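If you want the building blocks of each chain, they are given just below.
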Amino acid sequence: MVGRKLLVLFGSQTGTAQDTAERIGREAKRRHFHCRVEALDSYEVANLINEPLVVFVCATTGQGDPPDNMKMFWRFLFRKNLPPSSLCQLDYAVVGLGDSSYPKFNFIAKKLHKRVLQLGGNPLLPVVLGDDQHDLGPDAVIDPWLLALWDKILTLYPLPPGLEIISPDVRLPPKYTLHYLAEDSSHPGGGQLQPTAPRAVPSELHPFAARMVSNQRVTAESHFQDVRLIEFDISGSGITFSAGDVVMIQPQNRPEDVQQFCQLLRLDPNRCFVLKPTEPGTPLPALLPQPCTIRYLVTHYLDISCVPRRSFFELLSYFSTNELEREKLEELSSAQGQEELYSYCNRPRRTTLEVLWDFPHTTCAVPPDYLLDLIPLIRPRAFSIASSLLAHPDRIQILMAVVRYKTRLSKPRCGLCSTWLASLNPDQGDVRVPLWVKKGGMKFPADPDTPVIMIGPGTGVAPFRAVIQERVAQGRRGNCLFFGCRQKTKDFYCQAEWEELVTKGFLTLFTAFSRDQEEKVYVQHRIRENRRLVWELLSSRSAHIYLAG
């Protein structure tokens, strides 16, 4: 077993790359490799020179950007002073996950492959580029590529004598085991989010428990969409931000969903447990308190409202004692069953909880030890900050549409975070929301005389409200806003605020209310009507244009 070490490093934004990395980790264990799976930024990058065998799995986000959890690694890897032979001992392979409808398709994977090659690495195979747009998703190209990868790896690192590949019929041990504490043992805090004295600037691992100050509906009650202007108090947090920055909010599951999940899996929500890793050296989940209650685990950690991935069905099939259910689960997790999985899960946006309802015999047989392998953690949601600290000190405001839509399923689909935030009422006590702030992609001009043209239909106006507040507080004019919505009387967000700024000469405002007349009028019509002004600002005054949807 000495020397049969494999490291899988991932950069993931939405969880797909992490899911693929975990899959490679499971396949490595079946081939008796000692395997670690880690996020790129959790890995001590200087140790890369000692690694014999690494598979990189990375997504591309936005306009060819690396995911948040590989940004530090990315900066290190492209340092000019790294010797060209740094990684000459490294055998490596790169899996890319992207979307070919974007111009910089899989840019990060391609660039990473090239850079490791420059530093002396030995590629085992050409980079594989998974595509979200493919009918069968990224696995359409990743499945055959992985078969070729294992062939290559096993020629370099043959199985030790007397060992065979562990059959896919055999269930691998869980990553952690749950050890229940005695019923009467006291557990400090019961896993409640406490407003803590910040040790450092709040981050994903140490969010700030901000008090919700107000939660106001800004669309007419008769309007089909519920949009909220929500304000949080961040005094004492050490959080600072500028216009264009983003607030990250960690949502939680609804109490009725938590209760349903516990009933389906026959779990006592009040039981207290500690987690122990199955393999020494596996770090414990950073966001789970120890000890912890089942209720806290399901409420704050397990994403039971996400649309489950193929790996979920594969693991679930192992627990099935019912032949019909097991056959169906195996089919949905097979390469041939991906079209059916898409129409069963992805197209109607069926949630993990709903799938568990559909497989009752299997669900009640799931061992609690496997919960963290089966269900991913709840990911934070990003919102454009809609206020400026210069106008609202110690406050963060967001403009949020409550996500709710119909598919062919009878129950409407609801966004996890927006539904949860909309349900909170700060008038009924102390309401706390875990949050932190991240740099945004919009940079506004430093020169006070540079005009800005902002095009923000609907809730896309949020970051522009922040920049207009900031620029007005600094006495800057030259703010031009094109705003569009359906009807002036129903969803004209911040109307009074804009009209006051127009009166004071700080804002030039053009509005397009698409449904207020026979023919539909959108922001692009208003831009065309005012093309002379727009061209004048661009050509004579070097205006910057910003667009948010």
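Now for a quick tour of the structure. Since we're looking at a predicted model, the values are computed, not measured.

What counts and how
Residues numbered from 1 in each chain as written. Predicted model: local features only at pLDDT ≥ 70, side-chain atom pairs only at ≥ 80, totals over all residues. Heavy atoms only, no water. Salt bridge = Lys/Arg side-chain N within 4 Å of Asp/Glu carboxyl O. Helix = DSSP H or I, 4+ residues; strand = E, 2+ residues; numbered from the N terminus. Buried < 20%, exposed > 50% of the residue type's maximum accessible area, 1.4 Å probe, protein only. Expected span 1.5 Å × (residues − 1). Core = buried A, V, L, I, M, F, W, Y, C linked by side-chain atoms within 4.5 Å. Contact = heavy atoms within 4.5 Å. Pairing = 2+ DSSP bridges. Axes fitted to C-alpha atoms, helices over the stretch in contact; angles between N-to-C directions.

## Focus on the pattern of salt bridges
Part 1 of the reasoning: By the definition in use, this model includes 26 salt bridges.
Part 2 of the reasoning: A salt bridge links Asp 68 to Lys 438; the nearest nitrogen and oxygen atoms lie 2.7 Å apart. Taken together, the residues span a long stretch of sequence, with Asp 68 in the loop between strand S3 (53-59) and helix H2 (71-77) and Lys 438 in strand S17 (residues 432-438) at a distance of 370 residues.
Part 3 of the reasoning: The class for Asp 68 is partly exposed, based on a relative accessible area of 29%.
Part 4 of the reasoning: Taking the relative accessible area as the measure of exposure, Lys 438 reaches 26% and is therefore partly exposed.
Part 5 of the reasoning: A salt bridge links Glu 231 to Arg 395; the nearest nitrogen and oxygen atoms lie 3.5 Å apart. Taken together, the residues Glu 231 in strand S9 (residues 227-233) and Arg 395 in strand S14 (residues 395-401) connect sequence positions 164 residues apart.
Part 6 of the reasoning: Taking the relative accessible area as the measure of exposure, Arg 395 reaches 22% and is therefore partly exposed.

## As for helix H14 (residues 462-473)
Part 1 of the reasoning: Taking 1.5 Å per residue, twelve residues should reach 16 Å; H14 reaches 17 Å between its end C-alpha atoms and fits that length.
Part 2 of the reasoning: Within H14, ten of the twelve residues are buried, which leaves it mostly tucked inside the rest of the structure.
Part 3 of the reasoning: Looking one or two residues beyond H14, the residue adopting positive phi is Gly 475, at roughly 75°.

## Considerations on the nonpolar core
Part 1 of the reasoning: Membership of the largest hydrophobic core comes to 40 residues, with the highest contact counts inside it found for Phe 261, Leu 297, Leu 302 and Phe 313.
Part 2 of the reasoning: In terms of residue count, the dominant contributor to this core is helix H6 (residues 294-301) (five residues).
Part 3 of the reasoning: Ignoring any residue separated from it by four or fewer positions in sequence, one finds Leu 297 in contact with Phe 273, Leu 288, Cys 292, Leu 302, Leu 371 and Leu 372.

## A closer look at the sheet that holds S17
Part 1 of the reasoning: Pairing within the open sheet is antiparallel, and its six strands lie in the order S13-S10-S17-S8-S9-S14. The open sheet has two free edges, formed respectively by strand S13 (381-384) and S14, since each of these has just one partner strand. Here the average twist between neighbouring strands, direction ignored, is 40°.
Part 2 of the reasoning: Strand direction decides the pairing type here: strand S8 (residues 208-217) and S17, joined by four bridges, are antiparallel. By the bridge assignment for S17, Ala 210 is matched with Val 433.
Part 3 of the reasoning: Packed on one face of the sheet, helix H13 (residues 416-423) meets S8, S9, strand S10 (246-249), S13, S14 and S17 and runs near 115° to S14.

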